[in-house]
Amino acid sequence: MLPDAHFSLIPDRVALAGRWQALEARADASFFLGWTWTDAWLDSYAVTPELLAVVDGAGQDIALALVGHAMTPRVLGPVATLCLNQSGIAAADRPFVEYNGLLVAKGREEEGVRAALAAIAARRDWRAFRLSGVAPSSPLLALPGRRRTRVDQSPVYQVDLDRLRAESGDYLALLSANTRSQIRRSMKDHGGELPTVTRAATLPEVEAGIEEMRALNVGRHADNAWEDDAFCRFITALCLRGLANGEVELLRFVDPGGTIGLLVNFVYRGRAMNYQSAFATPLSSKDKPGLLCHAAAVSHCAGRGLSLYSLLAGKDRYKQSLATSEESLEWWVIERFSPRLEVEAILRRLFRRPASA
């Protein structure tokens, strides 16, 4: 018999924090399923997802997740969509979730997932279910549906810090000759060495660092998240929570001439993950501040005994250049039968258009 799984409104935040953190301590969770990320997201955006809870006979939580419900745009009009650990509202989902899934107690993954899928399948108020940033082997992909579409797949480039320490600790020696040459040329522009790494340790240092990152990123990217006030609030909330528990770090990279760049990294259960970055203007045509800062961050994290430095999901060439290993994440939409979605599927085949995320 499956444990009880049910949906409810989010309870009092203090009560939710207690339940979430208690389960997190018993789970093999990713940072994106932890309370630091979840609490910062709920605080920074006006979202009202439901709580999906799987509870055993003793009333103890086996699995928890937030589930958003929204009418998401599609080719033939909005479609009722459930979104795992997202709201379904594009602006509020800008802090892209990765390594998504259920927060589930170790040893009870199978029954937790089965009960959660049964509860989702029993709801009649959705036609599409969105799973963003899940592992290719995610058991949540077993949710019954008429059609399942993988709308994106992204590599996650990483540096194996255990291997780095085992092989003499020379990170540059693990990279291609071209990447190694670019980093060494950049080092010449900055005093001949990797930049010094400092970590924001106080509230004023965090706030100053976030403002500096915002200023450095303005105008540098299309559809720039740093130009969105809500996203900046979210990053600040993450850093402040992480300052207290050590799960988020704002790192500054400096040489004798000043700041070269800043990184916001997650540090969770032995792994470092780079989430956001900002870099100063290159000093020359051969200067690569981004490569230089990441190389310094790798050395910094290896020296702390961490096992992995992840550049998180992204197809950027620089991530591939810096990596010694990789895995992948996927974005899926599972659809139920709907005459409108059937017509849309036919139109997509005719015009070869990708499915909406």
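Further up the page is the structure itself.
Residues numbered from 1 in each chain as written. Predicted model: local features only at pLDDT ≥ 70, side-chain atom pairs only at ≥ 80, totals over all residues. Heavy atoms only, no water.

Moving on to the pairing of strand β12 (residues 308-313). For β12, the tally of buried residues reaches six of six residues, placing the bulk of the element in the interior. Where strand β7 (residues 147-160) meets β12, four bridges bridge the pair, whose relative direction is antiparallel. Opposite Val159, over in β12, you have Tyr309 as the bridge partner. Sheet topology places strand β11 (residues 271-279) next to β12; three bridges connect them, and they run parallel. When the bridges of β12 are listed, Arg271 appears paired with Leu308. This β-α-β element, β11 to helix α8 (residues 289-303) to β12, shows right-handed connectivity. (Buried < 20%, exposed > 50% of the residue type's maximum accessible area, 1.4 Å probe, protein only. Helix = DSSP H or I, 4+ residues; strand = E, 2+ residues; numbered from the N terminus. Pairing = 2+ DSSP bridges. Right-handed = clockwise from strand over helix to strand, strands pointing away.)

On to the environment of His300, then. Counting through the fold element by element, His300 comes out in helix α8. A relative accessible area of 23% places His300 in the partly exposed class. When the C-alpha positions of His300 and Val197 are compared, they lie 7.4 Å apart, and in sequence the two are 103 residues distant. Other than its neighbours up to four places away in sequence, His300 contacts Val197, Glu249 and Leu251. (Contact = heavy atoms within 4.5 Å.)

We now examine the pattern of salt bridges. The full count for this structure, using the stated rule, is 25 salt bridges. For Glu342, the salt bridge goes to Arg146, with nearest N and O atoms at 3.0 Å. Of this pair, Glu342 sits in helix α10 (residues 339-351) while Arg146 sits in the loop between β6 (128-134) and β7; the two residues are 196 residues apart in sequence, bridging distant segments of the chain. Glu342 gets classed as buried once you look at its relative accessible area, which sits at 14%. A salt bridge links Glu212 to Arg252; the nearest nitrogen and oxygen atoms lie 2.8 Å apart. (Salt bridge = Lys/Arg side-chain N within 4 Å of Asp/Glu carboxyl O.)

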